[in-house]
Every structure is written in structure tokens, then in C-alpha cells.
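Fold and contact review
Okay, here's what each chain looks like letter by letter:
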Amino acid sequence: MRVAIETQPGGAAPNEDWVAGTPTLAVVLDGLSTAGLDTGCRHGVPWYVTHLGSQLVGALADPDTSLTAGLADALERVAALHPECDLDNPGTPSATVAILRERPGFLDHLVLADSPIVLEGADGCTVHTDLRVDGVLPELRAEVEQYETHTAEHREALRRLVTEQRQTRNTLTGYWVAASDAEAAAHAIVGSTPTEDVRAAAVLSDGASRLVTEYGMATWSEVFTTLRTGGPQELIATVRKVEATDPTGRRWPRYKSGDDAAVAFCQW
């Protein structure tokens, strides 16, 4: 498996996405926004995704370790790196997870929250994602989206949404993300696809996938064309060009004018 990777911040703030690739593995993490609220952790989201990603690559280097077990192990190891922090804080640093791993004859995938994995086959594209978060607090999500980005009203509405989301995060009635509790790994969506059915794959944070899912400015087939001709850098550049036409989120209401973006493009 040949993997090309790229990640870029969405603005001036530090990048909270993380991506890595090996000959058998592609991993994308998308750190969840804190909206300026307390997390109980002195390290921050970029620290969290960097350490979680590194632990994941190490745990999954053993082909006999399942994706779920590898994620659980990585979550435990990262929690052990900062026991002085309040890991029970509902806002403790957290992230979405998307993993694709090749083994003889199959591609295994794991998704936890809304960073998708897209498989391109002879009959079209198949998307694996976890959209449980979309069913949580729709009224507060709508409130955020009624304001233009960079306004005080937008920032305050986003803080209210994130505050309430934290109470449903990693609960049976809410949605699941990677945070401090290894139990989240058991709630990930996993599956396998015969390698012969896949021509290429893209593992993406939602800052990159929104070109299709939120903006509707490309099809998945067109995304793979862009990836083949210009690589992950060109795909992210295309997202930025689209966002530049709507800098305040009037056409496409969103949480940020530009979100951090990460891409792993896999070919055989």
C-alpha cells in the first residue's frame, strides 16, 4: 500500500488534526474543538492527537492486534502519560478516529465519530463513517449555524453547543469519541473489505471531506481524480478555494470559516 499524507490548519490556531501512513496502515485523527472551555488538561488537543496517533501506530504494528484492541491500548497508554490532569473532566481532550489497515486479502477499517474512510471500487465509492453526533442536540447545532462565523453571537452559540455536547459525549445516549476512557474503542464501527474490490482509498478528517459532504462542490469520484493528479495537498487546496468564496459561512453555515484538514490517500 502506497500512502500519501497531508494535513494543514484551517486558520491561525495550531493544527488539531493528525495523520500518518505506513505500507500497511493509514490513520487520521481530528481533535475536537474546546470552544475555549476548560478541559482539565494542561497539554491541549494538539498534544493529545500527536500522542494518540503515535501510540496507535505502535499498537497496530502487530498484525495480530485488532483495530479495536489497538485503539483501546493506545487510549490507555495516552491516559497514563498525564495522570496529573483531570481525565474525568467531560471536556478532556478528545478526537475522532479513522483507521485503514491492509492484511493479506483484506482491508480492515475502524471509524469513531465523523472522519470518513472512502473506498473506491470498480462500481463506485463506499463511505464508512460514524454520524451518531448528528443526532445529538440538533436545536443547538441549528442555533450556531444561523450566525456568521467570527461574530460574537456565533462564538457564544458554539460554546453553548460544546458545553452540552460534552455531557452526551461517550455515553450510551450520546456519541463516542477517543478521549481518556478505553471503553470508547468498543463503540467504534469496524468492518473489512476484500482488497480485490478496492482500487484506492481516502482516509479524511471532516475538514477535507466537507468538499463533498457539506459543500456539495465535488463527488467522491472527482475527489479521487484530484488525489491522483495533485495528491492530498491539491485536495486541501481545493477545499480552501471553495471556503474562500464564503468566508463568513452564509452559504455553508459551519463552526469555523476553515477547519483543520487531514488526508491519507492509499493506492495499490
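A few points on the structure. For every chain, the first residue of the written sequence is number 1, and numbering continues from 1 along that sequence. Local features in this predicted model are restricted to residues of pLDDT 70 or higher, and side-chain atom pairs are both shown and tallied only at a pLDDT of 80 or more, whereas totals for entire chains, interfaces and linings draw on every residue. Calculation of side-chain values draws on the structure's entire complement of heavy atoms; hydrogens and water are dropped beforehand.

If you look at the biggest cluster of nonpolar residues, it comprises 29 residues, and the most contacted ones within it are L29, Y48, L52, L56, L75, V97 and I99. Here, two residues are considered to be in contact whenever any of their heavy atoms come within 4.5 Å of each other. Ignoring any residue separated from it by four or fewer positions in sequence, one finds L75 in contact with Y48, L52, A178, A179, S180, D181, A182, A184 and A185. To form a nonpolar core, buried Ala, Val, Leu, Ile, Met, Phe, Trp, Tyr and Cys residues must be joined to one another through side-chain atoms within 4.5 Å. In this scheme, a residue with accessible area under 20% of its type's maximum is buried, one over 50% is exposed, and one in between is partly exposed, where area comes from a 1.4 Å probe on protein chains only. Formed by 21 residues, the second largest nonpolar core is a distinct cluster that contains L204, A208, V212 and V239.

Definitions used for this entry: grid spacing 1 Å over protein atoms alone; cavity, a set of points where a 1.4 Å probe fits but cannot get out; pocket, an open set with protein on both sides within 12 Å along at least 5 of 7 lines; lining residue, one with an atom within 4 Å of a point. Grid points are joined across faces, edges and corners, and a volume is the space filled by probe spheres set on the points. For the structure shown, the criterion picks out one cavity of 30 Å³ or more. Space inside the largest cavity adds up to approximately 40 Å³. Taken together, L32, S33, T34, G91, T92, P93, S94, R166 and R169 form the lining of the largest cavity. In terms of residue class, the lining of the largest cavity is made up of two nonpolar, five polar and two charged. Three residue categories are used. Nonpolar comprises Ala, Val, Leu, Ile, Met, Phe, Trp, Tyr, Cys and Pro, charged comprises Asp, Glu, Lys and Arg, and polar comprises the others, including Gly.

The next subject is the pairing of strand 9 (residues 200-204). Counting buried positions along strand 9 gives five out of five residues, so the element sits mostly inside the fold. The alternating pattern of strand 9 places A200, A202 and L204 on one face and A201 and V203 on the opposite face, and all of these are buried. Across five bridges, the pairing between strand 9 and strand 10 (residues 261-267) is antiparallel. The residue bridging L204 from the neighbouring strand is V263, located in strand 10. Numbering of helices and strands starts at the N terminus; helices are DSSP runs of H or I of at least 4 residues and strands are runs of E of at least 2. Note on pairing: two strands pair once DSSP finds at least 2 bridges between them.

The computed volume of the largest pocket comes to approximately 860 Å³. Broken down by secondary-structure element, the contributors of at least two residues to the lining of the largest pocket are strand 3 (25-31), helix 3 (138-145), helix 4 (152-168) and helix 5 (206-213). Grouping the constituent residues of the lining of the largest pocket by class yields 16 nonpolar, seven polar and 14 charged. The wall of the second largest pocket is formed by 21 residues, among which A13, S33, L158, Y255 and K256 lie closest to the centre. Taken together, the residues of the lining of the second largest pocket break down into six nonpolar, ten polar and five charged.

This part covers the packing of aromatic side chains. Each aromatic pair joins two rings of Phe, Tyr and Trp (for Trp, the six-membered one) with centres within 6.5 Å, and gets the label stacked for planes under 30 degrees apart, edge-to-face for over 60, and tilted for any other angle. Using the criterion set out here, one finds two aromatic pairs in the structure. Relative to W252, the ring of Y215 has its centre 4.8 Å away and its plane inclined at 40°; by these criteria the two rings are tilted. Here W252 lies in the loop between helix 6 (220-244) and strand 10 and Y215 lies in the loop between helix 5 and helix 6, a separation of 37 residues in the sequence. Side by side, Y215 and W252 carry an identical accessibility label, which is buried. With a centroid separation of 6.3 Å and an interplanar angle of 55°, the aromatic rings of F224 and F265 are classed as tilted.

Once that is clear, we can look at the packing of helix 5 against helix 6. Think of each axis as a best-fit line through the C-alpha atoms, taken over the contacting stretch in the case of a helix, with angles from 0 to 180 degrees between the N-to-C directions. Running from N to C, helix 5 and helix 6 cross one another at 100°; their axes reach a closest spacing of 9 Å. Classed by the angle they form, the pair helix 5 and helix 6 counts as roughly perpendicular. Taking contact as the criterion, the partners of G207, A208, S209, R210, L211, V212 and T213 in helix 5 are, on helix 6, W220, V223, L235, T238, V239, V242 and E243. In terms of residue class, the contact of helix 5 with helix 6 is made up of eight nonpolar, four polar and two charged. An angle below 35 degrees is read as roughly parallel, one above 145 as roughly antiparallel, one from 65 to 115 as roughly perpendicular, and any other as oblique.

Within the open sheet, the five strands sit side by side as 2-3-4-5-8. Their pairing is antiparallel. One side of each edge strand has no neighbouring strand; the edge strands of this open sheet are strand 2 (17-22) and strand 8 (189-194). The sheet shows a mean angle of 10° between the axes of neighbouring strands, taken without regard to direction. Sheet analysis places strand 3 next to strand 4 (residues 95-103), joined by seven bridges and oriented antiparallel. Each bridged residue has a counterpart across the sheet, and for G31 the counterpart in strand 4 is A95. With respect to the sheet, helix 2 (residues 67-81) is in contact with strand 4, strand 5 (106-112) and strand 8, its orientation differing from that of strand 5 by roughly 45°.

Before going further, it helps to spend a moment on the sheet that holds strand 1 (residues 2-8). Strand order in the open sheet made by the five strands is 1-10-9-6-7, with antiparallel pairing throughout. Lying at the two open borders of the sheet, with one neighbouring strand each, are strand 1 and strand 7 (124-128). Direction aside, the axes of adjacent strands within the sheet are offset by 15° on average. Note: strand 6 (residues 117-121) against strand 7, five bridges, orientation antiparallel.

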